[in-house]
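Chains, contacts and geometry: an overview
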Amino acid sequence: MFNRIILLCRPGFEKECAGEIMEQANLQSFPAYIQTNEDSAYVSLVSSNELNTRELITKINFRQLIFTRQWLATSKNSLSLPETNRLSDILNTINTFNETFYDVELDYADTNEGKSLSKFCKQFKPHLVNALKKHHLLSAHSRWRLFLFFTDSLNVSIGISAVDNSAPDSMGIPRLKMPGSAPSRSTLKLEEAIHWFLPATQQTQLIRNGMSVVDLGAAPGGWTWQFVKRDCLVTAIDNGPMQKELMQTGMVEHLQTDAFTYAPKKKVDWLVCDMAERPLHVSRLIARWFTNKQCENAIFNLKLPMKKRLATVHECIDLLQQKLTEANIKHTIAAKQLYHDREEITVCILITTKLFHKNTKKKFPQMNADERRYNKL
Ligand SMILES: C[S@@+](CC[C@H](N)C(=O)[O-])C[C@H]1O[C@@H](n2cnc3c(N)ncnc32)[C@H](O)[C@@H]1O
C-alpha cells in the first residue's frame, strides 16, 4: 500500500522540503502529515486517511519542488530485512506492486550515516537487478522506476516513482566532473543548472557561439568559464580578480565595477549572477534587467542564510513574476536547490516559455542520452 512519500533533500533543508510538499498536497486536497528529523536529509509525507500516494506523485509536478532532490511513493512501514538472503523478502514486497519497472535506484540519505551505505548499495544492486530480470520485472516500456531507500543495511522502504516525473539522476545527484582548467568549483553549479533547466536537445541552441553574456559577481570566473567553453562573449563584473588563463582567451571583458549600477550598452542573451547579496535585492536587480529589456534569459542564485527560507523564496519568485507580468513579458521561471548549491537555490528565467521541460504526460521512453547515461543499470 502506497500511503507515504519519501522526499530526499539537502541536510538542513527538511523544513523547506516539508513545507513545499505540504503546500502541494493541500492543493491536491490530500490530507497528510509530515514526519522528519532535523538534518536527516529526508522527509516523509504520510497520508492521514490511507489515500494512495502513488497517484499523488503523478499529479504533483516534480519540477515545482525546489527543495526535493528525489522522491518515491512507498508504504508507512519500512521492511526489516534478515542478515542473509535479503532478496527474497524484497522480491515479495515488489511482487505486491503488480508492476514492471524501467529500472531500479538504490538510495540513502545524504548524511554521513547515509553515505556509509554507499558501498553496500553498490554491491547489492547487481544482485537485485539480476533477480528483477529473472522474474521479468524490468521492462523498457514501464513508466515506473523502482526505489529502495535504505536507512541501514537491514531496513529499507521500497517504492516507486514515475520516470518522467522524478530526478533523472540517482538520488537527484548529477555526477559532474570538476573541469581541470575551471577557476572555481562554482563552475559545477552553473553546469548543473544548465543541465537541469535547459532541455538537453536545446542546450546548444540556447547557449551558442557568439552569444553575449553578463556575469554579475564573476570572479574568479567559474560561471564565465562555462560560457567561454560554449564560445560566448562574456562581460564579467566584479571588483575581484578573474583567472588569468580565462582572460587570455580574449572572450572576456572584465569590468571592476558595482553590479548594482552596471548597465549593458545593448540587450544581452544571458544574464547570470552569483553574488552573496540579499535575495530580494538580487531579485529586484534581475527583474529590472528584464523590464528594461537588457537581457533575454537569466540564471542566478538566491542565497538563503535566513530562518524563513521558504517564505523568502516565495517572496522573491512572486516579485519576479509580478514585475515581468506587469511589463507584459512572457516568461517561465523555474527554481531548484541544485546538488552543488549550498545555502541557496538557483533560479532560471527564460522569455521563451516553450523552451522549458514540459511536464510530463509523455509516454516513456523519453529520457535523453545524458539521463540514460546516468541511469544505466
Ligand atoms: C561566490 S563569488 C562568485 C563566484 C563565481 N560565480 C565563480 O564561479 O567563480 C561572488 C562574487 O560576487 C562579487 N560581488 C559581490 N557583490 C558585488 C557587487 N555589488 N558588484 C560586483 N561584484 C560583487 C564578489 O566580489 C565575489 O567575487
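None of the values given here were measured: they were computed from a predicted structure.

Focus: the overall build of the protein
Across its full length, the protein carries 12 helices and 15 strands. Projecting the C-alpha coordinates of the protein onto the three principal axes gives extents of approximately 65 × 40 × 35 Å. Of all 377 residues assigned to the protein, the portion counted as buried reaches 42%. For the protein, contacts bridging at least 24 residues in sequence account for 68% of all contacts bridging at least 6.

Here we look at the pairing of strand β3 (residues 42-47)
Consecutive side chains along a regular strand alternate between the two faces of the sheet. Sheet analysis places strand β1 (residues 4-8) next to β3, joined by 5 bridges and oriented antiparallel. Paired with I5 across the bridge in β3 is L45. Relative to β3, strand β2 (residues 32-36) runs antiparallel, the two being bridged by 5 bridges. From the neighbouring strand, Y33 faces β3, where its bridge partner is V46. Two successive antiparallel strands, β2 and β3, enclose a turn made up of 5 residues, where D39 displays a positive phi of approximately 60°.

Here's the deal with the environment of M211
Within the fold, M211 resides in the loop between α7 (203-206) and β9 (212-216). By C-beta crowding, M211 is classed as partly exposed, having 18 other C-beta atoms within 10 Å. Separated by 86 residues in sequence, M211 and K125 have C-alpha atoms that sit 44 Å apart. With near-sequence residues (within four places) excluded, M211 lies in contact with C232, D269 and W270.

A few points about the packing of helix α10 (residues 279-291) against helix α11 (residues 309-326)
The interhelical angle for the contact between α10 and α11, taken along N-to-C directions, is 15°, at an axis separation of 9 Å. In terms of orientation, α10 lies roughly parallel with respect to α11. Two packed elements cross with a definite hand, and for α10 against α11 that hand is right-handed. Residues P279, L280, S283, R284, I286, A287, F290 and T291 of α10 form the contact with α11, whose participating residues are T312, E315, C316, L319, L320, K323 and L324. Grouping the amino acids of the contact of α10 with α11 by side-chain chemistry returns 9 nonpolar, 3 polar and 3 charged.

What to know about the domain arrangement of the protein
Domain assignment breaks the protein into domain 1 (4-172) and domain 2 (187-355). Taken over C-alpha atoms, the centre of domain 1 sits 33 Å from the centre of domain 2. Tallying the contact residues gives 10 residues for domain 1 and 9 residues for domain 2. In terms of residue class, the side of domain 1 that touches domain 2 is built from 3 nonpolar, 2 polar and 5 charged.

Thresholds, definitions, all that
- Residues numbered from 1 in each chain as written.
- Predicted model: local features only at pLDDT ≥ 70, side-chain atom pairs only at ≥ 80, totals over all residues.
- Helix = DSSP H or I, 4+ residues; strand = E, 2+ residues; numbered from the N terminus.
- Buried ≥ 20, exposed ≤ 12 C-beta atoms within 10 Å, placed from the backbone.
- Contact = placed C-beta atoms within 7 Å.
- Pairing = 2+ DSSP bridges.
- Axes fitted to C-alpha atoms, helices over the stretch in contact; angles between N-to-C directions.
- Parallel < 35°, antiparallel > 145°, perpendicular 65-115°, else oblique.
- Left-handed = near helix turned anticlockwise from the far one by under 90°.
- Nonpolar A, V, L, I, M, F, W, Y, C, P; charged D, E, K, R; others polar.
- Domains from an automatic or database assignment.

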